Amino acid sequence: MSFDQSKYVWKNGEMVPWQQATFHVSCHGVHYGTGVFEGIRCYCTDSGPAIFRLYEHIDRWLASAKVYGMHLPYTREQLADAVMQVVAANNFSSCYIRPLAIYGSDTLGLHPRNTPVEVVIFAWKWGQYLGADAAAKGAHVTISPWRKFSSTAMPATAKACGQYLNSVLAVRDAVARGFDEAILVGEDGYLAEGSGENLFLVKDGVLFTNDEKSSVLMGITRDSVLKMAIDTGMQVCIRKLSLEDLLAADEVFMTGTAVEVTFVAAVDGRPIADGRRGPITSVLQRLFADVVSGREPRYRHWLTPVATPVPELNGERVSQCR
Ligand code: PMP
């Protein structure tokens, strides 16, 4: 196991030790990728750990489940509470949280029919997704030879396990060729997104990004950055983006729960402008860091503080992260 194990995992309504949080080999989700998941971050703030845009993540999780006809036998509030319990039970001050619902064991016919849904939530410490170098010096990305699947094949707006095979092909190819990340082009020839990130460009002071018409996941970080940019008085334009737009951009950055706001230094070895972090990217990156750490009162409603630990776990106290 190459990532840090945490103590407790929430599994089907109860907290179990990490080692016991397992699925059977015959699970439908294991064979066909029939699962839906989320990626959420909990940040350290002056008033303790807080989860960034928790309810938006839960809502997207439930919407993804609906696409695949999957019923999660918990309410939105129960799931949000379970996410908080995982953070508290493991005494995290900051962490990455992975809620997952998959079809369990009942049939391996493609139609899941009456297959029960397994729901788990676990968390671990996850630092900079593309590594410290990419965060500081910018990501070196490549245009993937693998096209982004079209939403006419599978809805890109749903965050479903099997859909990520497309991203895995793209990122493996990128890393094998010495890049940090891949950008996938859609079947219409326009840019879609990174293997696990949305894409933003800046040209002549205007911030550009694409939307679901380009088969992208509608990222919650994307939404946050757009709102912050508009509130800051920036001009924002949402439209399809071409490879030409990318190469001619003054600034390029990617957004996602894992990468947060990471600037792109070069595409296939061609620097974006002078290859350094641009002024608009810097403003948004700094603002995002302030927002997630609770230093921006205007966006404090995006943070859900994690309450004291669940009583069943011996009342261990959640560490304050000052
Ligand atoms: N696109 C893809 C394909 C992703 O996997 C992610 C990560 N969830 C994103 C975009 C960014 O979404 P978010 O900001 O909600 O993490």
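These numbers were taken from a predicted model, which means no experiment stands behind them.

Undergrad: A description of the overall build of the protein chain should follow, citing residues and the corresponding values.
TA: From N to C terminus, the protein chain includes 8 helices and 17 strands. Against the globule reference of 20 Å for 322 residues, the protein chain gives a C-alpha radius of gyration of 20 Å, in line with a compact fold. Once the C-alpha set of the protein chain is aligned to its principal axes, its extents read approximately 55 × 50 × 30 Å. The buried share of the protein chain, reckoned over its 322 residues, is 53%. For the protein chain, the separation between the mean place of its 31 positive charges and that of its 34 negative charges on side chains is 1 Å.

Undergrad: Explain a nonpolar patch on the surface residue by residue, including any values.
TA: Together, Y32, L108 and L110 make up a nonpolar patch on the protein surface, roughly 290 Å² of accessible area in all. Counting through the fold element by element, L108 comes out in the loop between β6 (95-103) and β7 (117-124). A residue is classified by how much of its surface remains accessible, and L108, at 36% relative accessible area, is partly exposed.

Undergrad: Give me the lowdown on the packing of aromatic side chains, citing residues and values where you can.
TA: Throughout the structure, instances matching the rule amount to 13 aromatic pairs. When the centroid spacing of 6.4 Å and the interplanar angle of 85° are considered together, the rings of Y43 and F52 count as edge-to-face. This pair shows no difference in class: Y43 is buried, exactly as F52 is. Among the aromatic residues, those joined into a ring-pair cluster are W18, Y96, F122, W124, W126 and Y129.

Undergrad: I'd love a proper account of the site of the ligand, names of residues and values included.
TA: In the vicinity of the ligand there are 15 residues, among which Y164, E193, I220, T221 and T257 approach most closely. Within the contact set of the ligand, a nitrogen atom lies 2.8 Å away from a side-chain nitrogen or oxygen of K159. Notes on the ligand: free accessible area 380 Å², of which the protein chains cover 94%. Only α6 (220-231) and β14 (251-256) provide two or more residues apiece to the shell around the ligand. Looking at the shell around the ligand, its residues break down into 3 nonpolar, 8 polar and 4 charged.

Undergrad: Please provide a residue-by-residue account of the pairing of strand β15 (residues 260-267), values included.
TA: The element β15 is largely enclosed, with a buried count of 7 among its 8 residues. By the bridge criterion, 3 bridges tie strand β8 (residues 139-143) to β15 in an arrangement that is parallel. Each bridged residue has a counterpart across the sheet, and for V141 the counterpart in β15 is V267. Both β14 and β15 contribute to a ladder of 4 bridges, which runs antiparallel. For T255, the partnering residue across the bridge sits in β15 and is V261. Linking two consecutive strands that pair antiparallel, namely β14 and β15, is a turn of 3 residues. Here 2 bridges tie β15 to strand β16 (residues 270-271), and the two strands are oriented antiparallel to one another.

Undergrad: Describe the domain arrangement of the protein chain, and please don't skip the residues or the numbers.
TA: What the domain assignment reports for the protein chain is domain 1 (8-124) and domain 2 (134-277). Centre-to-centre, using C-alpha coordinates, domain 1 lies 26 Å away from domain 2. Counting residues at the interface gives 20 residues for domain 1 and 19 residues for domain 2. Regarding the contact of domain 1 and domain 2, the summed buried area is about 1,500 Å², with carbon and sulfur atoms giving 60% of it. Interface area lost by domain 1 to domain 2 is led by F37, R53 and R60, which between them contribute 38%. Here D223 makes a salt bridge to R53, at a shortest N to O gap of 2.7 Å.

Undergrad: Report on the environment of I238, specifying residues and quantitative values.
TA: One can find I238 in strand β13 (residues 235-238). Residues I238 and F208 lie 30 residues apart in sequence; the distance between their C-alpha atoms is 5.7 Å. Non-local contacts of I238, meaning those with residues more than four positions away in its chain, are made with T209, N210, D211, R222 and L226.

Undergrad: Summarise helix α3 (residues 76-89); cite the residues concerned and give the values.
TA: Between the first and last C-alpha of α3 there are 20 Å, a value that for 14 residues agrees with the 20 Å anticipated at 1.5 Å per step. Taking burial as the measure, the 14 residues of α3 include 10 buried ones, the bulk of the element. Of the residues flanking the end of α3, it is N91, one or two places downstream, whose phi is positive at about 60°.

Undergrad: A description of the pairing of strand β12 (residues 206-209) should follow, citing residues and the corresponding values.
TA: In β12, alternate side chains face the same way, and those of V206 and F208 on one face and L207 and T209 on the other are all buried. Judged from the 4 bridges that link them, strand β11 (residues 198-203) and β12 form a sheet pairing that is antiparallel. Paired with K203 across the bridge in β12 is V206. Across 4 bridges, the pairing between β12 and β13 is parallel. Considered in β13, the bridge of V206 is made with Q235.

Here is what the cut-offs are and how they apply
Residues numbered from 1 in each chain as written. Predicted model: local features only at pLDDT ≥ 70, side-chain atom pairs only at ≥ 80, totals over all residues. Heavy atoms only, no water. Helix = DSSP H or I, 4+ residues; strand = E, 2+ residues; numbered from the N terminus. Rg over C-alpha atoms; globule rule 2.2 N^0.38 Å. Buried < 20%, exposed > 50% of the residue type's maximum accessible area, 1.4 Å probe, protein only. Lys, Arg positive; Asp, Glu negative; His and termini not counted. Charge placed at Lys NZ, Arg CZ, Asp CG, Glu CD. Patch = residues over 30% accessible without salt bridge, like charges linked within 9 Å, V, L, I, M, F, W, Y side chains within 5 Å. Areas by Shrake-Rupley, 256 points an atom, 1.4 Å probe, with all protein chains shown as cover. Salt bridge = Lys/Arg side-chain N within 4 Å of Asp/Glu carboxyl O. Phe/Tyr/Trp six-rings, centres within 6.5 Å; stacked < 30°, edge-to-face > 60°. Near = heavy atom within 4 Å. Polar contact = N/O pair within 3.5 Å; in protein donor to acceptor, adjacent residues only side chain to side chain. Nonpolar A, V, L, I, M, F, W, Y, C, P; charged D, E, K, R; others polar. Pairing = 2+ DSSP bridges. Domains from an automatic or database assignment. Contact = heavy atoms within 4.5 Å. Buried area = accessible area lost by both parts, 1.4 Å probe. Expected span 1.5 Å × (residues − 1).

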